[in-house]
Amino acid sequence: MANHILETRYFGEIPFADEDVLSFPRGMPAFEERRDWILLDDGESPIRWLQSIDDGGPALPVTAPDVVMPDYNARIPEDDLELVGAPEASDLVLLTVLSVPEVEPWRMTADLRAPILVNIRTRRAVQVIALDEEYSIRHPALPDELREAMRIRHVRRTRDARADRPRGRGQDGEHGC
């Protein structure tokens, strides 16, 4: 049962309960002072949002790593497993932070090298550095075909929008070429 209302920068008012809070004992890189977050999920998209509850500001898009790389199998350092209190593997979930360029969203990448380890039982989480050096911090999040289709659609929309704009007027008040 939701017993708090959070006013967020991106999602408006969000109700949440104490048991929804994920505690990051070390904070997260670039957000070290923000220790408490909630995971927003619309139930339809594989992309969820990790929302800071400290001030309602930062919200990070995240997804399960296997959405981006089906055979993802990161090795996690023992001290990070201990930090979240991980006696049972079934209590653990990995998330990967997505980076979505505002102008070119088809270039979205996933940080597979530094996943977020969540213990769903203890509600503790930590962003870790996977021991597997082959994982990239900028792994393409979308298949090549989809990225190219999105890029082409964007180019067409941009071209069509420019064609629909009225052109400047000439000296005699007529539209120019």
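Residues numbered from 1 in each chain as written. Predicted model: local features only at pLDDT ≥ 70, side-chain atom pairs only at ≥ 80, totals over all residues. Heavy atoms only, no water.

Caption draft 1: Summary view of the overall build of the chain. In terms of regular secondary structure, the chain is built from three helices and eleven strands. Taken from the N to the C terminus, the helices and strands of the chain come in the order β-β-β-β-β-β-α-α-β-β-β-β-β-α. Rg of the C-alpha trace for the chain: 21 Å, well past the compact-globule value of 16 Å for 177 residues, more than 25% over. In terms of overall dimensions, the chain has a C-alpha envelope of 80 × 40 × 30 Å along the principal axes. Here the chain holds 177 residues, and 37% of them are scored as buried. About 11,200 Å² of surface is accessible on the chain, with carbon and sulfur atoms providing 50% of the total. Within the chain, the 34 negative side-chain charges are centred at a point lying 9 Å from the centre of the 22 positive side-chain charges. (Helix = DSSP H or I, 4+ residues; strand = E, 2+ residues; numbered from the N terminus. Rg over C-alpha atoms; globule rule 2.2 N^0.38 Å. Buried < 20%, exposed > 50% of the residue type's maximum accessible area, 1.4 Å probe, protein only. Areas by Shrake-Rupley, 256 points an atom, 1.4 Å probe, with all protein chains shown as cover. Lys, Arg positive; Asp, Glu negative; His and termini not counted. Charge placed at Lys NZ, Arg CZ, Asp CG, Glu CD.)

Caption draft 2: Highlighting unusual backbone geometry. Not every positive phi belongs to a glycine, and alanine 30 is a case in point at roughly 75 degrees. Note that alanine 30 resides in the loop between strand 3 (21-23) and strand 4 (36-40). Judged by its relative accessible area of 59%, alanine 30 is exposed. Of note, the phi angle at arginine 123 is positive, near 65 degrees, even though the residue is not glycine.

Caption draft 3: Focus on the nonpolar core. Counting 18 residues, the largest nonpolar core has Tyr72, Ala74, Ile76, Leu112, Leu117 and Tyr135 as its most contacted members. Sequence-distant contacts of alanine 74, defined by excluding residues within four places in its chain, comprise Ala130, Asp132 and Tyr135. Membership of the second largest hydrophobic core comes to 13 residues, among which are Phe24, Met28, Phe31 and Val62. (Core = buried A, V, L, I, M, F, W, Y, C linked by side-chain atoms within 4.5 Å. Contact = heavy atoms within 4.5 Å.)

Caption draft 4: Here's a closer look at a nonpolar patch on the surface. Together, Tyr10, Phe11 and Trp49 line one region of the surface with nonpolar side chains, adding up to about 300 Å² of accessible area. Here tyrosine 10 shows up in the loop between strand 1 (4-8) and strand 2 (12-16). Classification of tyrosine 10 by relative accessible area gives exposed; the value is 53%. (Patch = residues over 30% accessible without salt bridge, like charges linked within 9 Å, V, L, I, M, F, W, Y side chains within 5 Å. Salt bridge = Lys/Arg side-chain N within 4 Å of Asp/Glu carboxyl O.)

Caption draft 5: Seen up close, the layout of surface pockets. Of the pockets and cavities examined, the largest pocket occupies roughly 210 Å³. For the largest pocket, the lining is made up of 13 residues, of which Val97, Ser99, Asp111, Ile137 and Arg138 are closest to its centre. Looking at the lining of the largest pocket, the elements with two or more residues in it are strand 7 (92-99) and strand 8 (109-110). Ranked by the residues each element gives to the lining of the largest pocket, the list is headed by strand 7, at three residues. Here the lining of the largest pocket is built from residues that sort into eight nonpolar, three polar and two charged. (1 Å grid on protein atoms, 1.4 Å probe; cavity = no way out; pocket = protein on both sides within 12 Å on 5 of 7 lines; lining within 4 Å. Points joined across faces, edges and corners; volume = space filled by probe spheres on them. Nonpolar A, V, L, I, M, F, W, Y, C, P; charged D, E, K, R; others polar.)

Caption draft 6: Seen up close, the side chain of glutamine 51. With respect to the element layout, glutamine 51 can be found in strand 5 (residues 48-52). With relative accessibility at 0%, the residue glutamine 51 sits in the buried group. In this structure the side chain of glutamine 51 is engaged in a polar contact, spanning 3.3 Å, whose partner is the backbone oxygen of glycine 56. Excluding its chain neighbours within four sequence positions, the residues that come into contact with glutamine 51 are Leu6, Thr8, Phe11, Asp36, Trp37, Ile38, Leu40, Gly56, Gly57, Pro58 and Ala59. (Polar contact = N/O pair within 3.5 Å; in protein donor to acceptor, adjacent residues only side chain to side chain.)

Caption draft 7: Up close: the packing of aromatic side chains. By the definition in use, this model includes four aromatic pairs. Taken together, a centroid distance of 5.8 Å and an interplanar angle of 80 degrees make the contact between phenylalanine 31 and tryptophan 37 edge-to-face. Judged by centre distance (4.6 Å) and plane angle (45 degrees), the ring pair of tyrosine 72 and tyrosine 135 falls under tilted. With tyrosine 72 in the loop between helix 1 (65-68) and helix 2 (78-84) and tyrosine 135 in the loop between strand 10 (124-127) and strand 11 (139-140), this residue pair connects regions lying 63 residues apart in the sequence. (Phe/Tyr/Trp six-rings, centres within 6.5 Å; stacked < 30°, edge-to-face > 60°.)

Caption draft 8: Here's a closer look at the pattern of salt bridges. A complete count under the given rule lists nine salt bridges for this structure. Between arginine 107 and glutamate 104 there is a salt bridge whose closest N-O contact spans 2.8 Å. For arginine 107, a relative accessible area of 48% gives the class partly exposed. Look at glutamate 104 and you get partly exposed, because its relative accessible area is 30%. The salt bridge involving aspartate 144 is made with arginine 147; its shortest N-O contact spans 2.6 Å. Separated by three residues within a single helix, aspartate 144 and arginine 147 lie in helix 3 (residues 144-164), roughly one turn from each other.

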